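Structure at a glance
Residues per chain, in single letters:
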Amino acid sequence: MVNREQLVFSCGILRHFINGSLGLNREKYVSGFELSKPLLDAAAYNTYVETVSNKADIFYLRIKQSLTEMAKYSYLDYIGRISRKFDWKNKEFVLAFDYTDEDFYGEVQGLDIYGWTGKNGVTGKFKFLTCSIVSDDVPQRIPLISIPVQLGHNMSYAVTHCLDLIKPHIGKILLVLFDRWFYSKELMYDLKALKIPYLIFVPKDKFIKTELNGMQDEEKKIIEHEYKLNLDKSNYKFESRLAFLKQIFSKKLDKNLDWVFATNVEDIEIDKLIETYKKRWRIETQFRVQDEARIKCKSKEMKIRYFLFLFEQILQTQWACFYKEEINFKQFLIEIQKVCETLIENPKRSYSKSLKAKVE
């Protein structure tokens, strides 16, 4: 049985997030008190806000009048509370980065929408970069921060910006995991300069294929590889370690695979590299969970899409930290939606709980 008082508290957290994101309060015409219910209705039933409420127009207007940074820091404010509750500053973390996207149907315009194939009517994608906890020893495997990314964005800056944002809330970073799309000389150079340990899955270019062709099946080796980086009209040289694992059997896929990783970790154990890297897949599981709270939207405005994306993530974060052992995510969405609806009918009690959430 889910603790109802805990759900009441969680509703207060959502209202505080909405108010912080949109610059609202109880003295204004509309606030998180009024907007939390339609947002939860839309999330619980995977539909549009305008389908379940007559407040969609004022909701979209308030987002347009706000700043994107307000939503980002409102989410980080909640991450700070979670950090203090679970004493994250005294723990060690393995993190993972990944891109995720949301479908767009319509005419693709501007830098916020990436063009798509048109398959199933999808003409574009809104993209977000997410950093999540994937540690074995930290049970709260949640998204720490997500930011919107435009066409032509600087990937290395985006990653290091996210790390700067979350550093005040976590302890030592043991390792950061990346898939092949993050194999970038600039990113490796910047992470090395910042002394951030990384493990990146390396795509097979001509050099990588040549090295693998010279190895025996099941052979493993690590080499020091020098990179040359041309950046801002200057040339830089640095080294990273490349770990080659030739034709290693994968139980999941029931076949042999070649694995190549780039890392700046000096004492990394080559026999544990694949097992370590597979922790990155936990972030993809998080995205699949978040999809169960997907709020449909037709808007071309990144600010609107980003707010809804973070609202879905804060729901996932609440569930993973406080409800995961009791009910599944979809059940949580339905239960918190019901409690929010009940509280709307009793504004005095609801408002007192919201204030409690804000203070705590």
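Shown above is the structure to which this text applies.
Here the structure is a predicted model, which means the values were calculated and not measured.

1. Some remarks on the layout of surface pockets
For the largest pocket, the calculated volume is near 330 Å³. Considering the residues around the largest pocket, the lining is formed by 15 residues, among which Val94, Ile173, Leu174, Leu175 and Lys279 are closest to the centre. Those elements that provide at least two residues to the lining of the largest pocket are strand E1 (92-104) and strand E5 (172-178). No other element matches the four residues that E5 contributes to the lining of the largest pocket. Its residues placed into classes, the lining of the largest pocket shows seven nonpolar, three polar and five charged.

2. Quick word on the environment of Lys192
Residue placement: Lys192 occurs in helix H7 (residues 185-193). The class of Lys192 is partly exposed, set by a relative accessible area of 38%. Between the C-alpha atom of Lys192 and that of Ile268, which follows or precedes it by 76 residues, the distance is 15 Å. The contacts of Lys192, once residues within four sequence positions are left out, are Phe238, Glu239 and Asn264.

3. Describing the nonpolar core
Membership of the largest hydrophobic core comes to 105 residues, with the highest contact counts inside it found for Trp88 and Leu95. The element best represented in this core is helix H11 (residues 302-322), accounting for 13 residues. Not counting the four nearest positions on each side in its chain, Leu95 is found in contact with Cys131, Ser132, Ile133, Val134, Leu144, Leu163, Ile166, Ile170, Ile173, Leu175, Val176 and Leu177.

4. Comments concerning unusual backbone geometry
For Asn120, which is not glycine, the phi dihedral falls at a positive 60°. With respect to the helices, strands and loops of the structure, Asn120 is situated in the loop between strand E2 (113-115) and strand E3 (124-133). With a phi close to 65°, Lys233 is a non-glycine residue in the positive phi region. Relative to the helices and strands, Lys233 is located in the loop between strand E7 (220-231) and strand E8 (234-250). Look at Lys233 and you get exposed, because its relative accessible area is 86%.

5. Topic: the packing of aromatic side chains
Here the structure, examined in full by the defined rule, presents 25 aromatic pairs. On the numbers, 5.7 Å between centres and 65° between planes, the contact of Phe201 with Phe261 is edge-to-face. Highlighted residues: Phe201 in strand E6 (residues 198-201) and Phe261 in strand E9 (residues 255-263), separated in sequence by 60 residues. Residue classification places Phe201 among the buried positions, given a relative accessible area of 7%. Classification of Phe261 as buried rests on a relative accessible area of 0%. Counting every residue linked through ring pairs, the aromatic cluster contains Phe17, Phe59, Tyr60, Phe307 and Phe311. When the ring centre of Trp116 is taken as reference, the NZ or CZ atom of Lys125 above it lies at 4.7 Å. Here the guanidinium or amino end of Lys127 rests over the ring plane of Tyr114, the centre of that ring lying 5.5 Å away.

6. Some details on the packing of H11 against helix H12 (residues 329-344)
Contact geometry of H11 with H12 gives a least axis separation of 10 Å together with a crossing angle of 105°. In terms of orientation, H11 lies roughly perpendicular with respect to H12. On H12, the residues that touch Leu315, Gln316, Gln318 and Trp319 of H11 are Phe329, Phe332, Leu333 and Ile336. Across the contact of H11 with H12, the residue classes tally to six nonpolar, two polar and no charged.

7. Observations concerning H11
With 21 residues, H11 extends 30 Å from end C-alpha to end C-alpha; this agrees with the ideal 30 Å at 1.5 Å per step. Summarising burial for H11: 19 of the 21 residues are buried, a large majority.

8. Some details on the packing of helix H5 (residues 68-86) against H11
Contact geometry for H5 and H11: axes closest at 9 Å, N-to-C directions at 10°. On the basis of the axis angle, H5 is roughly parallel to H11. Here H5 contributes Thr68, Ala71, Lys72, Tyr75, Tyr78, Ile82, Lys85 and Phe86 to the contact with H11, which in turn contributes Lys303, Tyr306, Leu310, Gln313, Ile314, Thr317, Gln318, Cys321 and Phe322. Among the residues forming the contact of H5 with H11, the class breakdown is ten nonpolar, four polar and three charged.

9. Things to note about the side chain of Lys279
Topologically, Lys279 is positioned in the loop between helix H9 (273-277) and helix H10 (281-290). Setting aside its immediate chain neighbours within four residues, Lys279 contacts Val134, Asp136 and Leu177.

Calculation criteria
- Residues numbered from 1 in each chain as written.
- Predicted model: local features only at pLDDT ≥ 70, side-chain atom pairs only at ≥ 80, totals over all residues.
- Heavy atoms only, no water.
- 1 Å grid on protein atoms, 1.4 Å probe; cavity = no way out; pocket = protein on both sides within 12 Å on 5 of 7 lines; lining within 4 Å.
- Points joined across faces, edges and corners; volume = space filled by probe spheres on them.
- Helix = DSSP H or I, 4+ residues; strand = E, 2+ residues; numbered from the N terminus.
- Nonpolar A, V, L, I, M, F, W, Y, C, P; charged D, E, K, R; others polar.
- Buried < 20%, exposed > 50% of the residue type's maximum accessible area, 1.4 Å probe, protein only.
- Contact = heavy atoms within 4.5 Å.
- Core = buried A, V, L, I, M, F, W, Y, C linked by side-chain atoms within 4.5 Å.
- Phe/Tyr/Trp six-rings, centres within 6.5 Å; stacked < 30°, edge-to-face > 60°.
- Lys NZ or Arg CZ within 6 Å of the ring centre and 35° of its normal.
- Axes fitted to C-alpha atoms, helices over the stretch in contact; angles between N-to-C directions.
- Parallel < 35°, antiparallel > 145°, perpendicular 65-115°, else oblique.
- Expected span 1.5 Å × (residues − 1).

Any link to function would need more than the numbers given here.
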